[in-house]
Amino acid sequence: MTTLSGFKNPADVKPISIMIRNYLKIAFRNLQRNKVYSAINIGGLAIGMATCLLITLYVLDEISYDRYHQKADRIYRIDFDVKFGGQDRSFATVSDGMGAALKNDYPFVETFARLRPIDILVKKGNQRIRENMSIFADNSVFEVFDIPLIEGDAKTALKEPFTIVVDEKTAQKYFGKAKALGMTMTIDEKAYKVTGVMKNIPENSHFAGRNMILSMESSADSRAKNWLNNNFFTYLVLKEGTKPEQLQSQFESVVKKYMMPQFRSVMGINSMDELKKSGNRVTLGLTPLTDIHLHSDKFFELSPNSSIQYVYIFSAIALFILLIACVNFMNLSTARSVNRAKEVGVRKVMGSVRTMLMSQFLSESILMSIIAFILGLGIAILILPFFNDLSAKSLSLSFIKKPLLLFTLFGFAIIVGLLAGIYPALFLSSFKPISVLKGKLSTTTKGSYLRSGLVVFQFFASIFLIISTIVIYCQLDFIQKQNIGFNRQQVIIIKDTNLLENGLESFKNELLQISDVKSATISAFLPTPSYRNNTIFWPEGQLGADNGITMQFWEVGFDYTKTLKMQFVAGRDFDKTMPTDSSAIIINETTAKQTGYKNPIGQKLYTYGNNLKDLIPYTIIGVVKNFNYASLRENVASLSMCIAKRPYGMISVRVHSDNFKQSIAKIEEKWKARAGGTPLNYEFLDDAFDNMYRNEQRIGKVFISFAVLAILIACLGLFGLAAFTVEQRTKEIGIRKVLGASVTSITTLLSRDFLKLVFVSIVIASPIAYYFMDKWLSDFVYRIKIEWWIFASAGILATLIAFVTVSYQAIKAALVNPMKSLKTE
């Protein structure tokens, strides 16, 4: 009689449970009997799982950006793409009126919100504190994004001018335990009313860290309706069921309606066709909110974004490391088959079928995988704080508190055990009882092509990672040492200078009296992340779309080029004694080429004033060598500098003392006399420049760490395999020693086969690593060449690691007394 459970009798359940318990008991006995091999297997799997878990947390965090918003799948950022005057640029910002225009003209646009970052000074007692993560926003920001208010009404919080919403941390910072709602904050000498307290913005947001939202109504620029001035991050919410292509197909009409009239008045361009014929382009685009962090790399991003490339790279590393750990398991299990051969023969003679034997061996691999998972979880918990510091994230293992996720990971451990154990189980259970009981089983390393292939794969992955690590390190080092056209060393940037009001120039003169100060200048524009101003210029007599040159136009102070040690290739610097320099301009080499002038010195460039009606002439007095003011991923674009009508911005101070603390103390003394209780806010120019590559530096460090772990796991497997090979050739080693073989010759003999496999790995890994690293470097305009020595270094390092790993076991065996070796059988 067959029951519903599938068993002939309910009593059959008991033998099944006994059988499983017996499998586990034998598995534990085998683990205890072979402590070294078990430790290598479990240790390798544990490190692999821990690494895989950390990378998974990193990848999940990266792809989770901005997905917590309820309308995330309907939110798009408007982008502005322009090709003009030889410059092809894509901006993450648009003009102030674009959002309202699209909402008014197209009914499928549900709503919009604008954001504009701003640095502010907040008064607290006698101090003024700089808040550089503040932002202007429309009141609709709470409708577009999920920004919950703890206090205040989201419908009206930012409707009025001079209102502000702060996050919890900021509320506590300025008001302590007092209720922040309704309080007044003095910001840039203006009174703002606190109309809301919001929850801290999550870190997986592309505008994370923004702690103060000021009403857009407080900004006069928000109502300028200047269609050629792109300063606003503008987000649209499309109505449900609307495809983005519906709006994108209308963008040419939008450009014609709103932007062409200003193009017509400024540049004399009458139509889109005329613009296109001149080889220029003005278009709008949409970027999905959830694509911004990983897929957007435009000018003026709201915050530094990551790249989907790094997600792919780290996912591949996680897979590599896990596969290396699994390969270790398969290699050691099949290599040690001779030790289990007689056991398999006896079991088959006693009536065990292949499926039962496979179940036994799989239960052992699953058991080891579960132990490795528990150990790996512990390792991950221990090193997570260090990993967070390295990757600049705040990852957590909060899933431990969620049973469903924990069981999912537990299931993953079982799958890893099955994958790692399936081949050894098939291999071991296939032995023929008569052959193995007679001792007819080949155990040499040469005889196992699969095992050799697995070793090759391990070192292929390790060498690939070594080459990639060297290339990434060299590129980052190249960026640090690249001649960028100015000297960023020993320059201190003093911020918050608006506190000095009209005393900025006199304060600079006071600083020049300090013996350590070599020179100083005032400007809001620096060749680091700072203010930017894109303007169109025309050479004399060449007004029109075909001849316009789009360039950065910086207002600087006297001694700007001297302080930053820029090099002149022609002409001269600005001179205080020459009144005509108020309408003079200094250009870079790129601009000089675009003007078409054989000798640009003394020639004129024209641009429109703020009213977009009057042409203003500037006389070229100097040409400076190109200097990098943006990322080294890009060519140096056109740039020009003029003397500011009034001094404003930061003060850059070049010092010639090795004692920076002493220099800063002297500057601070002068500052306190002027700014009262507000502390000196400064940074070094080289640090500000390096911040542009902070993400690459972090990625490089994380990559190097994981590469080291991959090599460690590969070495663990090789160590175990070498130990087993030595064990199997103990008698041979003894005979060779009796016949006069030296320790060196025995070590060479035992290492040779492994080193051949490493050489094969080098040959396979080198071209593949070259392809992928060359592709990564293609994002940089200024990049290293992948030289032959990189592959040679990786090969030598891999060979050395393998040789040391194998030699330890080989030398150990070679030093054993041959009489003892010959007694082993």
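Residues numbered from 1 in each chain as written. Predicted model: local features only at pLDDT ≥ 70, side-chain atom pairs only at ≥ 80, totals over all residues. Heavy atoms only, no water.

A short note on the overall build of the protein
- Scanning the protein from terminus to terminus reveals 25 helices and 22 strands.
- Put simply, of all contacts in the protein between residues at least 6 apart along the chain, 78% involve residues at least 24 apart.
- Entry remark: accessible area of the protein is about 38500 Å², with carbon and sulfur atoms responsible for 58%. (Helix = DSSP H or I, 4+ residues; strand = E, 2+ residues; numbered from the N terminus. Contact = heavy atoms within 4.5 Å. Areas by Shrake-Rupley, 256 points an atom, 1.4 Å probe, with all protein chains shown as cover.)

Quick look at a nonpolar patch on the surface
- A grouping of Phe-759, Val-760, Val-763, Ile-764, Ile-768, Tyr-771 and Phe-772 is seen on the molecular surface, where their side chains present a nonpolar patch of about 650 Å² in accessible area.
- Within the element layout of this structure, Ile-768 appears in helix α23 (residues 743–777).
- Assessed through its relative accessible area of 32%, Ile-768 is described here as partly exposed. (Patch = residues over 30% accessible without salt bridge, like charges linked within 9 Å, V, L, I, M, F, W, Y side chains within 5 Å. Salt bridge = Lys/Arg side-chain N within 4 Å of Asp/Glu carboxyl O. Buried < 20%, exposed > 50% of the residue type's maximum accessible area, 1.4 Å probe, protein only.)

Some words on unusual backbone geometry
- Non-glycine residue Asp-188 carries a positive phi angle of around 50°.
- You can see Asp-188 is positioned in the loop between β7 (184–187) and β8 (190–198).
- When its relative accessible area of 31% is taken as the criterion, Asp-188 is described as partly exposed.
- Although it is not a glycine, Asp-559 sits at a positive phi angle of roughly 70°.
- Examined against the element boundaries, Asp-559 turns out to sit in the loop between β15 (549–556) and α17 (560–563).

Observations regarding the pattern of salt bridges
- Following the criterion strictly, the structure yields 19 salt bridges and no others.
- With its nearest N and O atoms 2.9 Å apart, the salt bridge here joins Glu-301 to Arg-77. One end of the pair, Glu-301, is in the loop between α9 (292–295) and α10 (308–335); the other, Arg-77, is in strand β1 (residues 75–84), and 224 residues separate them in sequence.
- In this structure Glu-301 comes out as buried when scored by relative accessible area, which is 18%.
- A residue is classified by how much of its surface remains accessible, and Arg-77, at 0% relative accessible area, is buried.
- The residue Asp-581 makes a salt bridge to Arg-572 at a minimum N-O spacing of 2.9 Å.
- Here Arg-572 falls in the partly exposed class, since its relative accessible area comes to 29%.
- Each of the salt bridges in this network shares a partner with another, and the network as a whole consists of Lys-71, Arg-74, Glu-110 and Glu-240.

Quick look at the packing of aromatic side chains
- Scanning the model with the defined rule gives 33 aromatic pairs in all.
- Seen in terms of ring centroids, Phe-507 and Trp-671 are 5.9 Å apart; in terms of plane orientation they differ by 75°. Their pairing is edge-to-face. One end of the pair, Phe-507, is in helix α16 (residues 504–512); the other, Trp-671, is in helix α19 (residues 660–675), with 164 residues separating them in the sequence. For the pair Phe-507 and Trp-671, one class covers both residues: buried. (Phe/Tyr/Trp six-rings, centres within 6.5 Å; stacked < 30°, edge-to-face > 60°.)

Focus on the confidence of the model for the protein
- Here the protein averages 83 in pLDDT, while 87% of its residues score no lower than 70.
- Low confidence marks residues 1–8, where pLDDT is under 50. Its contacts with residues over four positions away, or in another chain, come to 9 contacts.
- The model gives residues 443–447 a pLDDT under 50, and that stretch makes 8 contacts with residues more than four places away or in other chains. (pLDDT = per-residue confidence, 0-100.)

Considerations on the pairing of strand β12 (residues 491–494)
- The alternating pattern of β12 places Val-491 and Ile-493 on one face and Ile-492 and Ile-494 on the opposite face, and all of these are buried.
- Pairing of β12 with strand β21 (residues 650–655), which is carried by 4 bridges, proceeds in the antiparallel orientation. Bridging from a neighbouring strand, Ile-494 pairs with Ile-651 of β21.
- Here β12 runs beside strand β22 (residues 682–684); their pairing, made up of 3 bridges, is antiparallel. Looking at β22, one finds that Ile-494 is bridged to Tyr-682. (Pairing = 2+ DSSP bridges.)

As for the nonpolar core
- Phe-314, Trp-554 and Met-641 are the most contacted members of the largest nonpolar core, which totals 121 residues.
- Residue contributions to this core peak at 16 residues, all from helix α15 (residues 449–481).
- In this view, Phe-314 contacts Ile-55, Tyr-58, Ile-699, Val-702, Phe-703 and Phe-706; residues no more than four positions away in its chain are not counted.
- In terms of nonpolar packing, the next biggest core, distinct from the first, is built from 30 residues, Phe-80, Val-255, Leu-275 and Val-282 among them. (Core = buried A, V, L, I, M, F, W, Y, C linked by side-chain atoms within 4.5 Å.)

Describing the environment of Asn-691
- When you line up the elements, Asn-691 lands in the loop between α20 (685–690) and α21 (694–728).
- Placed 163 residues apart in sequence, Asn-691 and Thr-528 show a C-alpha to C-alpha distance of 8.4 Å.

Describing helix α12 (residues 354–391)
- The terminal C-alpha atoms of α12, which comprises 38 residues, lie only 48 Å apart, well short of the 56 Å expected from a rise of 1.5 Å per residue.
- Along α12, the sharpest kink reaches roughly 50°, centred on Ile-383 and followed within four residues by the proline Pro-385. (Expected span 1.5 Å × (residues − 1). Bend = angle between axes of the 7 residues up to and from the residue.)

A short note on the side chain of Glu-301
- At 2.9 Å, the side chain of Glu-301 and the side chain of Arg-77 are in polar contact.
- Residues within four places of Glu-301 in sequence aside, it is in contact with Arg-77, Ala-92, Phe-233, Ile-292 and Ser-296. (Polar contact = N/O pair within 3.5 Å; in protein donor to acceptor, adjacent residues only side chain to side chain.)

Describing the packing of α23 against helix α24 (residues 788–814)
- Across the interface, α23 lies against α24 with an axial gap of 8 Å and an inter-helix angle of 155°. With respect to each other, α23 and α24 are oriented roughly antiparallel. For the pair α23 and α24, the sense of crossing is right-handed. Here α23 contributes Val-743, Ile-746, Thr-747, Leu-750, Ser-751, Phe-754, Leu-755, Val-758, Ile-762, Ser-766 and Tyr-770 to the contact with α24, which in turn contributes Phe-791, Gly-795, Ala-798, Thr-799, Ala-802, Phe-803, Val-806, Ser-807, Ala-810, Ile-811 and Ala-814.
- Grouping the amino acids of the contact of α23 with α24 by side-chain chemistry returns 16 nonpolar, 6 polar and no charged. (Axes fitted to C-alpha atoms, helices over the stretch in contact; angles between N-to-C directions. Parallel < 35°, antiparallel > 145°, perpendicular 65-115°, else oblique. Left-handed = near helix turned anticlockwise from the far one by under 90°. Nonpolar A, V, L, I, M, F, W, Y, C, P; charged D, E, K, R; others polar.)

Comments concerning α24
- In this model α24 runs 37 Å from its N-terminal to its C-terminal C-alpha over 27 residues, within 8% of the 39 Å that 1.5 Å per residue would give.
- Helix geometry: α24 is bent most strongly at Ser-807, by close to 30°.

Things to note about the pairing of strand β18 (residues 604–608)
- A large share of β18 lies buried, amounting to 4 of its 5 residues.
- Where β18 meets strand β19 (residues 615–624), 5 bridges bridge the pair, whose relative direction is antiparallel. In the strand pairing of β19, Leu-605 is matched with Tyr-618.

Focus: the state of the cysteines
- Evaluated as defined, the whole model comprises 0 disulfides.
- Free cysteine Cys-52: the closest other cysteine sulfur is in Cys-326, separated by 9.4 Å. (Disulfide = S-S within 2.5 Å.)

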